[in-house]
Each structure stands twice: as C-alpha cells, then as structure tokens.
Amino acid sequence: MKTGIITVLLAAAIVGCGDNLYAQTAIHKPAPAETRRATPYADLVERHQRGDRQALRIREDVDRHRLWVLALEHVYVYDTRKLTLIRRIRLPGWSVADFMCPPDLALDRRGNAFVSNNVQPRLLQIIPASFQKKEHQLTLISAKRWEVGFGALAFGSDGTLFALTGLAGSLFKIDLASGNATEIALSEPVIEACTLASARQSTPPTEHRAVSLCVSFERRSRRVDISADLTRGQVTNESCDG
C-alpha cells in the first residue's frame, strides 16, 4: 500500500487532534470488572472512570508507587499509596484514530513514560521526576515506505523498546538515540494484535534468540521470538497466558 493512500485513509478516520480531541467509545476497552476489583488501586481506576476520563491504557510503576493512566487528551499520574492524583499532563497536538489499535503507554526501568501516537510515527516521553515532556519524531526504516503510527509499546527483557503499528500488525524496534524505528521481519504479520508485552523467558537467550514478546488479540495471545540481531521475528502459536 502506498504512502499516499495510507495518509488519506488516516486523515479521514482521525477522530480529533490538537486541543479538540474526541474519540468514539469503541476505542476504549477497560479491563473486566472482576480484574479491576482485584487490584489494589481499583478505587483509583473506578474514580478515574466516574470522572468521565476514558482510560485507554493503565500502567503501574510498582517501584515508585505510581499509576499512569493514558486518556485521550491527558496522561494522569496517581500515587497508589495515598490514592491521590499527582499530576495531569496534557498531550501536545496529539491525534487519535478510532478504527485501529489505540495508543499505548510504556514505562522503562527508570520510570520514564512513553506514549505512542497511532496516526504518526511519534513518541512522547514524560520524565518521572519533573514530568517534563520530550517529543521523539521517528524515521521509519521499512521496505514498505509507509508513514504510520504505533499502537502497542513494550520494553523487552534487554531494555529494547518495541512497537506494533496501529493498523497492519508490523513490529518495529525503536532507537530513541538515533530517532529511527526499524521494522523487524516477522514470519507473518500479527494483524488485529493491540497489546504487546515482554514474554517470560523460560530459557536464557541464545545466539538465535535474544528476546521474546507476547502479542495479544481480543481472546488469545501469540509469542514472537526475536533473533539475536533484532532483525527477524518468528511468530508461533504458543500462548503467553498463564
């Protein structure tokens, strides 16, 4: 598919951008009620929802006792001990399309938060100590020559940041230092997968496999074993559940 065609499709489907951002409820998929009740911060999540603030993604920083909630126009940071709101951070000039996977929020080992844009190849970094924002405009390195945004984000066990395209089920390795997002050649695309996570390593990394990821669909998950040089990924039917 050519870049021009994709651009037209995205432009037609953008729900909103900038300071006036809206989205249809189809983009919002909260966790089941029984899951929310089982978490120690269930009250925070329910209180957030009652305030008409849609939660696209929820991530917990256990070490720093923080709960990060990605909504449509803001990122909310809560204290999980005091059950109070610490900071509300506005997303700068962000756009969201509702016909593909929603944007994501991932936390690195130092507590930095990274927010994806499912329309454009951009990431927003939020520094945990000061809550200052830093934008990363990414250059896509792919034979497809497209310009698309990312839905799911995840850090691998080796600290590498990975991202799934919001639309076509392609996997990219993101290098923030160079500003490049390089496509990983998958054995097959993972279309309709909107969640990405680091898989549990049942065996140590080998010369053939450096890291494993879980891609999740609505009711199932699949495993992706990434090669040691981070250029290829073998998609298997092995489930990551349990």
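This text goes with the structure placed above it.
Everything numeric here is computed off the predicted structure, so don't read it as measured data. (Residues numbered from 1 in each chain as written. Predicted model: local features only at pLDDT ≥ 70, side-chain atom pairs only at ≥ 80, totals over all residues. Heavy atoms only, no water.)

Caption draft 1: Summary view of unusual backbone geometry. Here Leu83, not a glycine, exhibits a phi torsion of approximately 55°, which is positive. Mapped onto the elements, Leu83 comes out in the loop between strand E4 (74–79) and strand E5 (84–90). Under the relative-accessibility criterion, Leu83 is labelled partly exposed at 28%. If you check the backbone angles, Glu192 has positive phi at about 75° while not being a glycine. Judged by its relative accessible area of 66%, Glu192 falls in the exposed class. (Helix = DSSP H or I, 4+ residues; strand = E, 2+ residues; numbered from the N terminus. Buried < 20%, exposed > 50% of the residue type's maximum accessible area, 1.4 Å probe, protein only.)

Caption draft 2: Region of interest: the pairing of strand E14 (residues 171–175). Sheet topology places strand E13 (residues 161–165) next to E14; 4 bridges connect them, and they run antiparallel. By the bridge assignment for E14, Leu161 is matched with Ile174. Hairpin remark: E13 followed by E14, antiparallel, with 5 residues in the connecting loop; positive phi at Gly169, about 70°. Bridge analysis of E14 against strand E15 (residues 180–186) gives 5 bridges, and the strand direction is antiparallel. When the bridges of E15 are listed, Asp175 appears paired with Asn180. Once E14 ends, the chain turns through 4 residues before running back antiparallel as E15, passing Gly179 with a positive phi of about 75°. (Pairing = 2+ DSSP bridges.)

Caption draft 3: Expanded view of the environment of Asn112. Among the structural elements, Asn112 can be located in the loop between strand E7 (105–107) and strand E8 (113–116). Here the alpha-carbon distance between Asn112 and Ile126, two residues 14 residues apart in the chain, equals 5.8 Å.

Caption draft 4: A look at the nonpolar core. One finds Phe162, Leu164, Leu171, Val190, Leu196, Val215 and Ile226 to be the most contacted residues of the largest nonpolar core, which totals 19 residues. Going through the elements one at a time, strand E12 (150–155), E13, E15, strand E17 (211–216) and strand E18 (221–226) are the ones with two or more residues in this core. Looking at this core element by element, the count peaks at 3 residues for E17. Apart from residues no more than four positions distant in its own chain, Phe162 is found in contact with Ala152, Leu153, Ala154, Gly156, Leu171, Phe172, Lys173, Ile184, Leu196, Val211, Leu213 and Leu230. (Core = buried A, V, L, I, M, F, W, Y, C linked by side-chain atoms within 4.5 Å. Contact = heavy atoms within 4.5 Å.)

Caption draft 5: Broad picture of the packing of aromatic side chains. A full pass over the atoms with the stated rule returns 3 aromatic pairs. Between the aromatic rings of Phe150 and Phe172, the centroid separation amounts to 5.5 Å while the plane-to-plane angle is 65°, which identifies the pairing as edge-to-face. One end of the pair, Phe150, is in strand E12; the other, Phe172, is in strand E14, and 22 residues separate them in sequence. Take Phe172: its relative accessible area is 0%, and that puts it in the buried class. Taking NZ or CZ as reference, Arg220 lies 4.4 Å from the ring centre of Phe217, over its face. (Phe/Tyr/Trp six-rings, centres within 6.5 Å; stacked < 30°, edge-to-face > 60°. Lys NZ or Arg CZ within 6 Å of the ring centre and 35° of its normal.)

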